[in-house]
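Here's the letter readout for the chains.
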Amino acid sequence: MADQMNVKKLFLIVAAVISGITLFMPLYFLKGEGIVLNIPKEYNLPVPLMPTVYGFAILICAILIVIFTITGIKPGYIIASLVDSLLSIITVIIMADKAHKDPALLFEQVGNAMSDYVIDEVRTGPAFYIIILAAVLVLGAMMANAVAIGRD
């Protein structure tokens, strides 16, 4: 029984780490043409979540999940897991809305030296799907740990 609980805790920690790593992966790719120092240039920019406020908040939650799970503070990892999952889903919805309505907002989020640009294509990156999977994994692992520890 103790080994099973250790595996559940490890699974929650791995899910939190996946949630944190996903923030540095491209959520979208922007492809187009722009002008840098009066020179036309084609670009293909990855748009990760990390430079955003949501990215920092999710990263902090992921770190707290790991800390609270290791120390065995049940209310801590439950709250951090719920906030992490909720923020992940909300962030995906907000970013998808930006990509659909005004991709220029994604371009400005990345930040670069282009004085004028045209966005020809917006593609979904791997983080778009992995962050949703990570949110589900974090919730599932948190519930498994909360129920298992509640029996002790």
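Residues numbered from 1 in each chain as written. Predicted model: local features only at pLDDT ≥ 70, side-chain atom pairs only at ≥ 80, totals over all residues. Heavy atoms only, no water.

1. Thoughts on the overall build of the protein
Note the threshold: Strands here mean DSSP runs of E at least two residues long; helices mean DSSP runs of H or I at least four residues long; both are numbered from the N terminus. Between the two quantities, the radius of gyration covers C-alpha atoms and the globule rule is 2.2 Å times the number of residues to the power 0.38. Note on exposure labels: buried denotes an accessible area under 20% of the residue type's maximum, exposed denotes more than 50%, and partly exposed covers the range between, all computed with a 1.4 Å probe on protein chains only.
Summing up its helical and strand segments, the protein has five helices and three strands in all. Tracing the protein from N to C terminus, the helices and strands come up as α-β-β-α-α-α-β-α. In terms of overall size, the protein is more extended than a compact globule, its C-alpha atoms giving a radius of gyration of 19 Å where 152 residues would be expected to give roughly 15 Å. Taken over the C-alpha atoms alone, the protein extends approximately 65 × 25 × 20 Å along its principal axes. The 152 residues of the protein split such that 36% are buried.

2. Regarding the nonpolar core
In plain terms, the rule: Only buried residues count toward a nonpolar core, which is a set of Ala, Val, Leu, Ile, Met, Phe, Trp, Tyr and Cys residues joined through side-chain atoms within 4.5 Å. Here, two residues are considered to be in contact whenever any of their heavy atoms come within 4.5 Å of each other.
Core analysis: the largest hydrophobic core is formed by 20 residues, its most contacted members being Leu27, Tyr28, Met95 and Leu106. Take this core: its biggest share by element is four residues, from helix 3 (residues 74-101). Apart from residues lying up to four places away in sequence, Met95 is in contact with Leu27, Tyr28, Val47, Leu49, Leu106 and Gln109. Within the second largest apolar cluster, eleven residues are counted, among which are Ala16, Tyr77, Val138 and Met142.

3. Remarks on the packing of helix 3 against helix 4 (residues 103-110)
Test applied: Orientation is described by lines fitted to C-alpha atoms, with helices fitted over the stretch in contact, and by angles between N-to-C directions that extend from 0 to 180 degrees.
Orientation of helix 3 relative to helix 4, taken along the N-to-C sense of each, is 115 degrees, at an axis distance of 5 Å. Packed against helix 3, whose contacting residues are Met95, Lys98, Ala99 and Lys101, the element helix 4 presents Pro103, Leu105, Leu106 and Gln109 at the interface.

4. Remarks on the packing of aromatic side chains
The test is simple: Pairing of aromatic side chains requires ring centres within 6.5 Å, counting the rings of Phe and Tyr and the six-membered ring of Trp. Pairs whose planes differ by under 30 degrees are stacked, by over 60 edge-to-face, and all others tilted.
Per the stated rule, a full pass over the model turns up two aromatic pairs. Geometrically, the ring pair formed by Tyr28 and Phe128 is tilted, given 5.9 Å between the ring centres and 55 degrees between the ring planes. With Tyr28 in strand 1 (residues 26-36) and Phe128 in helix 5 (residues 126-150), this residue pair connects regions lying 100 residues apart in the sequence. Just as Tyr28 is buried, Phe128 falls in that class too. A centroid spacing of 5.3 Å and a plane angle of 80 degrees characterise the contact between Phe128 and Tyr129, whose relative ring orientation is edge-to-face.

5. Let's talk about the environment of Ile70
As for its placement among the helices and strands, Ile70 is situated in helix 2 (residues 53-71). Ile70 gets classed as exposed once you look at its relative accessible area, which sits at 60%. In this structure, the C-alpha to C-alpha distance between Ile70 and Tyr43, residues 27 residues apart in sequence, is 43 Å.

6. Brief notes about the sheet that holds strand 3 (residues 116-124)
Either a parallel or an antiparallel arrangement is found when strands of a sheet pair, and the pairing is made through backbone hydrogen bonds. Formally: Between any two strands, pairing holds if DSSP finds at least two bridges.
The strand order 2-1-3 describes an open sheet built from three strands, whose pairing is antiparallel. Two strands bound the open sheet, and with one partner strand each, they are strand 2 (39-48) and strand 3. Neighbouring strand axes in the sheet, compared pairwise and without regard to direction, differ in orientation by 20 degrees on average. Of the strands in this sheet, strand 1, strand 2 and strand 3 touch helix 3, which is tilted by about 35 degrees from strand 1.

Everything listed is a geometric property; what it means functionally is a separate question.
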